[in-house]
Amino acid sequence: MAPIIIRNTYTVVPAEPTWTGRFPLAEWDQVGTITHVPTIYFYDKPPDSFQGNVVETLKNSLSRALFHFYPLAGRLRWLPQDRLELDCNAAGVTLIEAESEAELIDFNNFLGAAEFEKLVPQVNYKSPIETIPLFLAQVTKFKCGRISLSVKVSHAVVDGQSALHFLSEWGRIARGEPLETVPFLDRKVLWAGEQLPPFATSPQYEGKEFEEPPLLIGETDCVEERKKETVVAMLKLSKSQLQKLRSKVNTSEYADPARGFTRYETVTGHVWRCACKARGHSPEQPTGLVISVDARSRVQPPLPRGYFGNATLDVVAASISAGKISKAIKNVTNEYVMTGIEYLKNHEDLKEFQDIHTLGSTEGPFYGNPNLGLVSWLTLPMYGLDFGWGQEVYMGPGTNDLDGNSLLLPDKTEDGSLILATCQQVVHMEAFKKHFYEDI
């Protein structure tokens, strides 16, 4: 494939002066993945009806969007005890303009290409954290006229719901439309402090989410597992296949007849079992599944509409049944969230809970074999990002090359089918695919 050439790199700041100052992040912001999460969109060649300049349109509308979402234009700073705070200093975000002589024909084939990573903005995490933009975007123009737009957003500042809220409003501004939902920027609602009720010391919260994940039986560390080559696959589950899976689990001994298992619980249990089979685990092998749960409607009172920040937290299920997954999710109540905040607040140092390590690192928690992580994007407003030249023809996760990382996406066709984006070790992927379809 033809090389991708960087033509310009812009620093985009808010269009008008914004509030400046520092405030601490909520405890949940500062644990788990605090690096950037990538997403990519592909567009057909802009129609003749689009009279603007693609890069100028993106740059100008991004500047106006940052006026409303000004925390994204700031920078993170380290505090003592490995805490983070957000410095709202209007330092700006990065927009990269690139081009390629390549003809972009098949998006799915391109996703597996080595050049794919060059479409996504790169972040050097060895740089001082206060110099790293919280939001980066790269627009790449191809010879055929098609366009890709990839973005990276700091997970220490926002979760998926908030990131997509920002992207959606950025698109609306580019099209000349008003904001649909004004962001709610006050994070005090999820701070630990004196406002926490007496149950904050409840023994219900054990902090299992922050324990070291299980290792393979007989192993004392995960050094060798970290080194193994991985590959990403996008696997489609049709509506009929999903219905067959749900029927199977909802008539099992683990089913709750009053509720039934959700799509996410059903598919996650299936993925977990398939991964264990593909990896050749023995029946006594301990394995953990990390599940990301949105707490917006689970806390009391519910978070305000448009809450802009992190409101998701990880929980761990330690079995391969949909019942265990369902129980782990249902445990996320207001009390659970608040006791979790208090647990983190009282911890002397947060470093052990922070994942700031990239692929190939020998440091930080390892959630690969024998473990998994599966995040649901099923309820997020993923599709329809239009900057004035039409909606995307393909949207998906950016580079997701850590063993065990998986995402569950709705299919854009809206026919009830789902897409599993999963990363597995190369030696296990074919067996995983086989079980994924044959075990339905």
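The shown structure was predicted, so the numbers you read here are calculated from the model rather than taken from an experiment. (Residues numbered from 1 in each chain as written. Predicted model: local features only at pLDDT ≥ 70, side-chain atom pairs only at ≥ 80, totals over all residues. Heavy atoms only, no water.)

Undergrad: Would you mind showing me how to read the pairing of strand 2 (residues 21–24) here?
TA: Within a regular beta strand, the side chains point alternately toward one face of the sheet and then the other, so they alternate between its two faces. Here strand 2 shows a buried face lined by Gly21 and Phe23 and an unburied face lined by Arg22 and Pro24. Inspection of the sheet shows strand 2 paired to strand 6 (residues 83–88) by 4 bridges, in the antiparallel sense. Counted as the bridge partner of Gly21 is Cys88 from strand 6. (Buried < 20%, exposed > 50% of the residue type's maximum accessible area, 1.4 Å probe, protein only. Helix = DSSP H or I, 4+ residues; strand = E, 2+ residues; numbered from the N terminus. Pairing = 2+ DSSP bridges.)

Undergrad: Honestly, the nonpolar core in this entry has me stumped. Any pointers?
TA: Across soluble globular proteins, nonpolar side chains show a tendency to be buried alongside one another. Ranked by internal contacts, the top residues of the largest apolar core, which has 56 residues, are Phe135, Phe166 and Trp170. The dominant element in this core, judged by the number of residues it contributes, is helix 3 (residues 160–174), at 7 residues. For Trp170, the contacting residues outside a window of four places in its chain are Leu58, Ser61, Leu62, Ala65, Phe135, Ala137, Leu149, Val151 and Phe387. The next biggest cluster of nonpolar side chains, apart from the first, holds 49 residues, and it includes Val31, Ala295, Leu418 and Met429. (Core = buried A, V, L, I, M, F, W, Y, C linked by side-chain atoms within 4.5 Å. Contact = heavy atoms within 4.5 Å.)

Undergrad: Can you walk me through the sheet that holds strand 16 (residues 405–410) in this structure?
TA: Within a sheet, adjacent strands bond to each other through the backbone by hydrogen bonds, running parallel or antiparallel. In space, the 6 strands of this open sheet follow the order 10-17-16-14-11-12, with mixed pairing throughout. The open sheet is flanked by strand 10 (230–237) and strand 12 (312–317), the only strands paired with a single partner. Averaged over all adjacent pairs, the angle separating strand axes in this sheet is 20°, with direction ignored. Bridge count between strand 16 and strand 17 (residues 418–425): 5 bridges; the pairing is antiparallel. Across the sheet, residue Ser406 finds its bridge partner in strand 17, namely Thr422. Each of strand 10 and strand 17 is contacted by helix 9 (residues 426–438), which is oriented at about 10° to strand 10, the strand it contacts most. (Axes fitted to C-alpha atoms, helices over the stretch in contact; angles between N-to-C directions.)

Undergrad: How do you make sense of the packing of aromatic side chains when you look at a structure like this?
TA: To describe a pair of aromatic rings, one takes the distance between the centres and the angle between the planes. Within this structure, the stated rule accounts for 14 aromatic pairs. When the ring of Trp170 is compared with that of Phe387, the centres are 4.9 Å apart and the planes differ by 75°; the resulting orientation is edge-to-face. Placement of Trp170 in helix 3 and of Phe387 in the loop between strand 14 (372–376) and strand 15 (394–397) is noted, with a sequence separation of 217 residues between them. In this pair, the class of Trp170 matches that of Phe387, namely buried. By the ring-pair criterion, three or more aromatic residues cluster together here, those being Tyr43, Phe50, Phe69, Phe135, Phe166, Trp170, Phe308, Phe387 and Trp389. Here the guanidinium or amino end of Lys59 rests over the ring plane of Tyr10, the centre of that ring lying 3.9 Å away. (Phe/Tyr/Trp six-rings, centres within 6.5 Å; stacked < 30°, edge-to-face > 60°. Lys NZ or Arg CZ within 6 Å of the ring centre and 35° of its normal.)

Undergrad: I would appreciate a short explanation of helix 9 in the present structure.
TA: A turn of α-helix holds 3.6 residues, and therefore any two residues three or four places apart point the same way. Taking 1.5 Å of rise per residue, the 13 residues of helix 9 would be expected to cover 18 Å, and the 19 Å separating its terminal C-alpha atoms lies within 8% of that figure. Within helix 9, burial applies to His428, Met429, Phe432, His435 and Phe436. The inward-facing, buried residues of helix 9 abut strand 10, helix 6 (263–278) and strand 17. (Expected span 1.5 Å × (residues − 1).)

Undergrad: Can you walk me through the pattern of salt bridges in this structure?
TA: For side chains bearing opposite charge, pairing can occur when the charged atoms are close. In total, this model carries 22 salt bridges according to the counting rule given. We note a salt bridge from Glu56 to Lys59, for which the minimum N-O separation is 3.2 Å. Here Lys59 and Glu56 lie together in helix 1 (residues 54–68), a separation of 3 residues that amounts to about one turn. Residue classification places Glu56 among the partly exposed positions, given a relative accessible area of 34%. The salt bridge partner of Glu224 is Lys227, with a shortest N-O separation of 3.5 Å. In this pair, Glu224 and Lys227 are both assigned in helix 4 (residues 223–227), 3 residues apart and thus about one turn of the helix distant. (Salt bridge = Lys/Arg side-chain N within 4 Å of Asp/Glu carboxyl O.)

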